Amino acid sequence: MELWYTEEHTNNVRFTIKIDKQIHSEQSPFQRIDFFDTHEFGRIFTLDGIIMLTEKDEFIYHDMIVHVPMAVNPNIKKVLVIGGGDGGTVRELTRYNTIESIEMVEIDQRVVECCREYMPQTSSKLDDARVKLLFEDGIKFISNKENEYDLIIVDSTDPIGPGEGLFTEEFYRNCYKALKDDGILVNQHESPYYNNTARLMKRTHKRIKQFFPIAKVYQAHIPTYASGHWLFGFASKKYDPVKDLDDKYWNSLGLETKYYNTELHKGAFALPNYVIKMLED
Ligand code: AAT
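Residues numbered from 1 in each chain as written. Predicted model: local features only at pLDDT ≥ 70, side-chain atom pairs only at ≥ 80, totals over all residues. Heavy atoms only, no water.

J.: Whenever I open this one, the sheet that holds strand S2 (residues 14–27) confuses me. Can you help?
T.: Each strand in a sheet pairs with its neighbour through backbone hydrogen bonds, running either in the same direction (parallel) or in the opposite one (antiparallel). Ordered by their spatial adjacency, 5 strands build an open sheet running S1-S2-S3-S4-S5, and the pairing between neighbours is antiparallel. Both outer strands of the open sheet, strand S1 (3–8) and strand S5 (50–54), are each paired with one neighbouring strand and no more. Geometrically, the sheet is characterised by an average inter-axis angle of 50° between neighbouring strands, direction not taken into account. (Pairing = 2+ DSSP bridges. Helix = DSSP H or I, 4+ residues; strand = E, 2+ residues; numbered from the N terminus. Axes fitted to C-alpha atoms, helices over the stretch in contact; angles between N-to-C directions.)

The structure is reproduced here in structure tokens:
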């Protein structure tokens, strides 16, 4: 018998992948956690029936959420990751010797435990000496921080369920406060393509723009997220992500990346007209 994983991308569109084997399934206090092996995408990890990552395309998401801010400010030393329990974002951050501390605040301890067991490709660097794991709600965690971080990465689920509060005005105000004067906020910013996510992405940009003098959006092609066209937000008190790109410095580090390079960095901020219009509205 053939097994297929199906995810609803809209009420009228479904995305289906052939499953070789179901690996693990459980209901945590926060969400349903599943792992499957697939022929096309390798092992996949889903929360509440939505793909968080696959072995085949996670490099795109994690390269873009980490290397873009790191190539803009080479002096990033103290980083906060909110969500990201699979460890992919932390894995990329640990490649920078200049980073001194990485705090990862993940609401669901079971995500980390399961990813340590079933997703070694992303969780392999969670034991780095600079990494501190905190199992709490990122919304609450950030509320009393001031002038502490050089970089905050919001590697969150979509704004439904436990991730909802990570897309609110209050949360972005608190991120602004928690960042140093030259701090950068990067977040997963949903997709502009289908109406259901476009609505969320427009609202997210509007909210971030209220607090940050510089608020830009950049894109990547992530095949297993709805429509494949995914956005990230770059917000800062000081740095423009393209004008302040330190490409000489980043290239001198000699980091080998499968997706990111500094030419692509510049290009990722060039958006299709319909997206520019959505962000202006
Ligand atoms: N690295 C790509 C994987 C993710 S998972 C996002 C993580 O955010 C999940 O582990 C979830 O438990 C955690 N999370 C959700 N809400 C909170 C919260 N309030 N505080 C802390 N952690 C939280 C991102 C996938 C993006 C999918 C896009 N479609």
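Past the structure itself, the notes keep going.
J.: So what exactly am I meant to see when it comes to the packing of helix H6 (residues 169–178) against helix H7 (residues 195–211) here?
T.: Any two packed helices are characterised by how steeply their axes cross, that is the angle between the axes, and by the distance between the axes. It is the contact of H6 with H7, at a shortest axis distance of 9 Å, that shows an interaxial angle of 40°. The element H6 and its partner H7 pack so that their crossing is right-handed. Within the contact between the two elements, H6 uses Glu169, Tyr172, Arg173 and Tyr176 and H7 uses Thr204, Arg207, Ile208, Gln210 and Phe211. A breakdown of the residues in the contact of H6 with H7 according to their chemical character gives 4 nonpolar, 2 polar and 3 charged. (Left-handed = near helix turned anticlockwise from the far one by under 90°. Contact = heavy atoms within 4.5 Å. Nonpolar A, V, L, I, M, F, W, Y, C, P; charged D, E, K, R; others polar.)

J.: Is there a simple way to think about empty space enclosed by the protein in this case?
T.: Where empty space is left in the structure can be found by rolling a water-sized probe over the atoms. For the structure on display, the rule yields 1 cavity of 30 Å³ or more. Put simply, the largest cavity is a space of about 30 Å³. As for the largest cavity, its lining consists of Asn187, His189, His205, Ile208, Ala215, Lys216, Val217, Gly233, Phe234 and Ala235. Contributions of two or more residues to the lining of the largest cavity are made by H7, strand S11 (214–221) and strand S12 (229–236). Looking at the lining of the largest cavity residue by residue, the class counts come to 5 nonpolar, 4 polar and 1 charged. (1 Å grid on protein atoms, 1.4 Å probe; cavity = no way out; pocket = protein on both sides within 12 Å on 5 of 7 lines; lining within 4 Å. Points joined across faces, edges and corners; volume = space filled by probe spheres on them.)

J.: Teacher, can you tell me more about helix H3 (residues 109–118) here?
T.: Since the α-helix advances by 3.6 residues per turn, residues separated by three or four positions end up pointing in the same direction. Within H3, the full set of buried residues consists of Val111, Val112, Cys114, Cys115 and Tyr118. Buried residues in H3 make contact with S2, strand S3 (32–38), strand S4 (42–47), strand S7 (101–105), helix H4 (120–123) and strand S8 (131–134). Here H3 starts with a cap whose side-chain oxygen sits 3.0 Å from the backbone nitrogen of Arg110, and that cap is Asp108. (Buried < 20%, exposed > 50% of the residue type's maximum accessible area, 1.4 Å probe, protein only. Polar contact = N/O pair within 3.5 Å; in protein donor to acceptor, adjacent residues only side chain to side chain.)

J.: Honestly, the site of the ligand in this entry has me stumped. Any pointers?
T.: As a structural note, the neighbourhood of the ligand is formed by 28 residues, with Gln31, His62, Asp86, Glu106 and Gly138 the closest of them. The side chain of Asp86 places a nitrogen or oxygen atom 2.7 Å from a nitrogen atom of the ligand. Separating a nitrogen atom of the ligand from a backbone N or O atom of Ile107 is a distance of 3.2 Å. Out of a free accessible area of 670 Å², the ligand has 99% covered by protein chains. Placement of the ligand is best described as lying within the largest pocket. Mapped onto the shell around the ligand, the elements with two or more residues apiece are helix H1 (58–72) and helix H5 (138–142). The residue makeup of the shell around the ligand, split by class, is 11 nonpolar, 10 polar and 7 charged. Domain assignment of the residues forming the shell around the ligand places at least three in each of domain 1 (3–54) and domain 2 (58–280). (Near = heavy atom within 4 Å. Areas by Shrake-Rupley, 256 points an atom, 1.4 Å probe, with all protein chains shown as cover. Sits in = over half its atoms within 2 Å of the grid points. Domains from an automatic or database assignment.)

J.: Is there a simple way to think about the environment of Ala71 in this case?
T.: Residue position: Ala71 is located in helix H1. Looking at Ala71, the relative accessible area reads 0%, which means it is buried. Sequence-wise, Ala71 and Ile51 are 20 residues apart; in three dimensions their C-alpha atoms are separated by 28 Å. If we skip the residues at most four places from it in the chain, Ala71 touches Asp244, Leu245, Asp246, Trp250, Tyr260 and His265.

J.: Would you mind showing me how to read unusual backbone geometry here?
T.: Backbone phi values are negative for most residues with the exception of glycine, while trans is the configuration of most peptide bonds. For Asn147, which is not glycine, the phi torsion reads 50° and is therefore positive. Positionally, Asn147 belongs in the loop between H5 and strand S9 (149–155). In this structure, Glu190 is a non-glycine residue whose phi angle is positive, near 65°. Within the element layout of this structure, Glu190 appears in the loop between strand S10 (179–188) and H7. Given the relative accessible area of 1%, Glu190 is considered buried.

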